[in-house]
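The lines below spell out each chain.
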Amino acid sequence: MAKRQEQEEARTEVTEVAPGVLRMQLPIQMPGLGHVNCYALVDGEGAAVVDPGLPGTASWRALQDRLKQAGIRLKHVHTVIVTHSHPDHFGGASRFVRETGARVIAHRNFRFGLPAAATPEVSAEHLGEKPAAEGEPAKAPAEPAPTHSHSHSHSRGAMGPWGGPTPWGGARPKPPFKQRMRWRMMRMMGGTDFVPEISDPVENGNVLRLAGRDWFVLHTPGHTEDHICLHDPELGVFLGGDHVLPSITPHISGISSSRDPLASFFYSLDRVAEINGIKYALPAHGHPFSDLRGRTEAIKRHHYERLEKIREISRELGPTTVEEISKRLFQPRSWGAMAESETYAHLEHLRHAGNAESHREGEKLIYTVR
Ligand SMILES: [Zn+2]
Ligand SMILES: [Zn+2]
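Conventions and cut-offs
- Residues numbered from 1 in each chain as written.
- Chains lettered and ligands numbered in written order.
- Predicted model: local features only at pLDDT ≥ 70, side-chain atom pairs only at ≥ 80, totals over all residues.
- Heavy atoms only, no water.
- Donors = N, O, S within 2.8 Å, 3.2 Å for Na, K, Ca; no water.
- Helix = DSSP H or I, 4+ residues; strand = E, 2+ residues; numbered from the N terminus.
- Pairing = 2+ DSSP bridges.
- Contact = heavy atoms within 4.5 Å.
- Axes fitted to C-alpha atoms, helices over the stretch in contact; angles between N-to-C directions.
- Buried < 20%, exposed > 50% of the residue type's maximum accessible area, 1.4 Å probe, protein only.
- Arc of directions from axis to C-beta.
- Parallel < 35°, antiparallel > 145°, perpendicular 65-115°, else oblique.
- Left-handed = near helix turned anticlockwise from the far one by under 90°.
- Nonpolar A, V, L, I, M, F, W, Y, C, P; charged D, E, K, R; others polar.
- Phe/Tyr/Trp six-rings, centres within 6.5 Å; stacked < 30°, edge-to-face > 60°.
- Polar contact = N/O pair within 3.5 Å; in protein donor to acceptor, adjacent residues only side chain to side chain.

A. A look at the coordination of the zinc ion (ligand 1). Within the protein, the atoms that donate to the zinc ion (ligand 1) are H84 (NE2), H86 (ND1), E121 (OE), H223 (NE2) and D242 (OD), at distances of 1.8 to 2.2 Å. All donors to the zinc ion (ligand 1) come from one chain, and their sequence spacing reads H-x1-H-x34-E-x101-H-x18-D. Between the zinc ion (ligand 1) and the zinc ion (ligand 2), a spacing of 3.5 Å is present, and a bridge between the two is formed by E121. Residue H86 is found in the loop between β5 (77-81) and α2 (87-90), and its partner H223 is found in the loop between β9 (213-219) and β10 (228-232); the two are separated by 137 residues along the sequence.

B. Highlighting the sheet that holds strand β14 (residues 356-361). Spatially, the three strands line up as an open sheet ordered β13-β15-β14, and their pairing is antiparallel. Each edge of the open sheet is held by one strand with a lone partner, namely β13 (320-321) and β14. As paired strands, β14 and strand β15 (residues 364-369) are joined by six bridges and run antiparallel to one another. From the neighbouring strand, H359 faces β15, where its bridge partner is I366. Against the sheet, helix α8 (residues 337-352) makes contact with β14 and β15, and its axis sits at roughly 50° relative to β15, the strand it touches most.

C. Fine view of helix α7 (residues 322-329). All of the buried residues along α7 are V322, I325, S326 and L329. Viewed along the axis of α7, the buried residues span an arc of 100°, placing them on a single side of the element. In this structure, the buried side of α7 is in contact with α6 (292-317), β13, α8 and β15.

D. Layout of the sheet that holds strand β12 (residues 280-283). Spatially, five strands are ordered β8-β9-β10-β11-β12 in an open sheet, and the strand pairing comes out mixed. At either end of the open sheet lies a strand with only one pairing partner, and these are β8 (207-210) and β12. Direction aside, neighbouring strands of the sheet carry axes that sit 25° apart on average. Across four bridges, strand β11 (residues 237-241) lies against β12 in parallel orientation. In the strand pairing of β12, V237 is matched with Y280.

E. Structural view of the environment of V50. Looking at where V50 falls in the secondary structure, it is placed in strand β4 (residues 46-50). It is 8.9 Å that separates the C-alpha atoms of V50 and G241, two residues lying 191 residues apart in sequence. When sequence neighbours within four positions are dropped, the list of residues in contact with V50 reads N37, C38, Y39, L41, I81, T83 and L239.

F. Molecular detail of the packing of α6 against α7. Look at α6 against α7: their axes get within 10 Å of each other, and the N-to-C directions meet at 120°. In terms of axis orientation, α6 runs oblique to α7. As α6 runs across α7, the sense of the crossing is right-handed. When α6 is examined against α7, the residues R306, K309, I310, I313, S314, E316 and L317 are found in contact with a partner set consisting of E324, I325, R328 and L329. For the contact of α6 with α7, a count of residues per class yields five nonpolar, one polar and five charged.

G. Up close: the coordination of the zinc ion (ligand 2). For the zinc ion (ligand 2), the full set of protein donor atoms is H89 (NE2), E121 (OE), D242 (OD), D242 (OD) and H285 (NE2), and the range of their distances to it is 1.8 to 2.5 Å. When the donors of the zinc ion (ligand 2) are listed by position in the chain, the intervening gaps give H-x31-E-x120-D-x42-H. Residue E121 is classed as buried on the basis of its relative accessible area of 2%.

H. View of the packing of aromatic side chains. In this structure the tally under the stated criterion is five aromatic pairs. With a centroid separation of 4.8 Å and an interplanar angle of 65°, the aromatic rings of W60 and F96 are classed as edge-to-face. Separated by 36 residues along the polypeptide, W60 in helix α1 (residues 57-69) and F96 in helix α3 (residues 93-100) bring together distant segments of the chain. Neither W60 nor F96 differs from the other in exposure class; each is buried. Judged by centre distance (5.0 Å) and plane angle (40°), the rings of W168 and Y344 are tilted. Of this pair, W168 sits in the loop between β6 (103-107) and α4 (177-188) while Y344 is found in helix α8, placing the two residues 176 residues apart along the sequence. With relative accessibility at 2%, the residue W168 sits in the buried group.

I. Quick peek at the side chain of T83. Assignment of secondary structure puts T83 in the loop between β5 and α2. Of the polar contacts made by the side chain of T83, one reaches the side chain of D51; its length is 2.8 Å. A distance of 3.0 Å separates polar atoms of two side chains, one belonging to T83 and the other to H84. What T83 contacts, discounting residues up to four positions off in sequence, is V50, D51, H89, D226, H227, I228 and G241.

Quick look at the structure:
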């Protein structure tokens, strides 16, 4: 399969993708993704950066290189905006606070820990599409993106983030061993503050002055519950984070404090589809695009097809477990806790709509889909 645009490696050049908005691609090592886009919004005082990449020196160096190319001095970065609580989006924020005293803007519910620790970036179906990065195992990684070791402090004894059963009775999603080790090392080397303090929490409807114009904050729960997008109605610019990606669908986790995370995601897609006059949709992974509404419709269609497929599978199998359904829904390279988590989110959506019932047999949830 051809590489998807979200899986391309980070390019070094900086491009102006909308008036006053620069795209800077940063390297990441995560299953199913090749780069994260950090955007610089330039104004008379300096710049705000949106989603400054993973923690660690490799990403920081790449970002410094891109800022230099753009003629932005580090000390002139006055604002960091974080679209949601995933490490490839917030990882560089604390370093900016230390080096420049930048303010950090994120949704008021920004929280990295459980359940965010167990939510990976992209749908399990995209795992294994990317050729293995240097030093990464080539086996199908049925495991989610990295988390960080702070989550251990939130752990509930044996029922911590990597232990204990899931709501559906399977093994809990767990980052690959190497990534867990990497986070642990980072903490040992003094990186305990790599989850930023949010100095300026925002909520839906707030207005931010960036790049010399007004941007509306949209709260778009689904991929995470604290996800925000930014909309500049004046020039038709939309910063979409992971909410609306150009060619892949973000992971929608069944492990969530939302009862029906897929319904939240649909609701947030509809809010975005209502926006008129978008010329530049700028995603956190992949290239800029313009048909934002069309893309939200395509993502919804994808999930409706998955729901229909689940109904077909369930009718064929009769009452069965989340694991059995996920193994029919996903290719073997994607099997595992992450695929089960997505399947569970879809089954719960069917259940809340009155199209499925569940009961417990021992540890396992058994679903009967109508
Ligand atoms: Zn994400
Ligand atoms: Zn992302």
